[in-house]
Amino acid sequence: MSDAVMELQLADPEATAALGQRMAATRPPQAVVYLRGDLGAGKSTLARALLRALGVGGTIRSPTYTLVERYPLADGSEAWHLDLYRIADAGELEYLGLDADEVGLWLVEWAERGAGALPRADLVVELAVEGDGRRAHLVPASAVGAAWLGALHPRA
């Protein structure tokens, strides 16, 4: 895959939300995003902003206990936000009835716990606490992810 990556300093939660909005504005029709980072790194803030910008109204819940939250999007597709922190084995995902054909956007936290049972990532977003803000490291993992990253940060 491409060596192109994007590094961003996010000064506050509003900057993290703005990244989510930019990602929504440039989202391909179908994509899988792995969200990585420690607890409190901003994964949920980013996911909520992205989903809200894609037309999700009402409450956007964290899937910490439900494992998956499904949201209809304004374009008629569906987004699934998964948090796999609490699963012990990737085989447990079989009981969630995940069907990749139904989903326009996957947002997966703790994807390594579902290795082998999840679709491959198109884009990996790594978030880390840095001082009072956050650092975001976006890495394409497919041609779809590379195109998305290019749309997020076009070269001059």
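Here the structure is shown first, and the text comes after it.
These numbers come from a predicted model, not from an experiment.

Thresholds applied
Residues numbered from 1 in each chain as written. Predicted model: local features only at pLDDT ≥ 70, side-chain atom pairs only at ≥ 80, totals over all residues. Heavy atoms only, no water. Helix = DSSP H or I, 4+ residues; strand = E, 2+ residues; numbered from the N terminus. Rg over C-alpha atoms; globule rule 2.2 N^0.38 Å. Buried < 20%, exposed > 50% of the residue type's maximum accessible area, 1.4 Å probe, protein only. Contact = heavy atoms within 4.5 Å. Areas by Shrake-Rupley, 256 points an atom, 1.4 Å probe, with all protein chains shown as cover. Lys, Arg positive; Asp, Glu negative; His and termini not counted. Charge placed at Lys NZ, Arg CZ, Asp CG, Glu CD. Axes fitted to C-alpha atoms, helices over the stretch in contact; angles between N-to-C directions. Parallel < 35°, antiparallel > 145°, perpendicular 65-115°, else oblique. Left-handed = near helix turned anticlockwise from the far one by under 90°. Nonpolar A, V, L, I, M, F, W, Y, C, P; charged D, E, K, R; others polar. Salt bridge = Lys/Arg side-chain N within 4 Å of Asp/Glu carboxyl O.

Engineer: For the overall build of the protein, give the residues involved together with the corresponding values.
Structural biologist: Looking only at helices and strands, the protein features three helices and seven strands. Helices (α) and strands (β) of the protein occur, in sequence order from the N terminus, as β-α-β-α-β-β-β-β-β-α. Against the 2.2 N^0.38 benchmark of 15 Å for 156 residues, the protein shows a C-alpha radius of gyration of 15 Å, consistent with a compact globule. Along the first, second and third principal axes, the C-alpha set of the protein runs to 45 × 35 × 30 Å. Counting only residues that meet the buried cut, the protein has 47% of its 156 residues in that class. Of all intrachain contacts in the protein linking residues separated by at least 6 positions in sequence, the fraction that spans at least 24 positions is 63%. With an accessible surface of roughly 7,800 Å², the protein has 51% of that area assigned to carbon and sulfur atoms. Averaging the positions of the 14 positive and the 21 negative side-chain charges in the protein gives two centres separated by 3 Å.

Engineer: Describe helix H2 (residues 43-53), with residues and values.
Structural biologist: Listed as buried for H2 are Lys43, Leu46, Ala47, Ala49, Leu50 and Leu51. Buried residues along H2 sit in contact with helix H1 (13-25), strand E2 (31-36), strand E3 (68-72), strand E4 (78-83), strand E5 (105-109) and strand E6 (123-130). Phi for glycine 55, located one or two positions after H2, is positive at around 100°.

Engineer: Got a sec to walk through the packing of H1 against H2? Specific residues and values, please.
Structural biologist: At their nearest, the axes of H1 and H2 sit 7 Å apart, and the two run at 45° to each other. As judged from the angle between their axes, H1 and H2 are oblique. The way H1 lies across H2 gives a crossing that is right-handed. In this structure, H1 uses Pro13, Thr16, Ala17, Leu19, Gly20, Gln21, Met23 and Ala24 to contact H2, whose residues at the interface are Thr45, Leu46, Ala49, Leu50 and Ala53. Its residues assigned to classes, the contact of H1 with H2 comprises nine nonpolar, four polar and no charged.

Engineer: Quick one: what's the story with the pattern of salt bridges, residue by residue and with numbers?
Structural biologist: Evaluated as defined, the whole model comprises four salt bridges. We note a salt bridge from arginine 27 to aspartate 75, for which the minimum N-O separation is 2.4 Å. With arginine 27 in the loop between H1 and E2 and aspartate 75 in the loop between E3 and E4, this pair connects stretches of sequence that are 48 residues apart. Ionic pairing is found between glutamate 130 and arginine 135, a salt bridge with its closest N-O pair at 3.4 Å. Since its relative accessible area comes to 38%, glutamate 130 is described here as partly exposed. Given the relative accessible area of 26%, arginine 135 is considered partly exposed. When salt bridges that share partners are traced, they join Glu7, Glu130 and Arg135 into one network.

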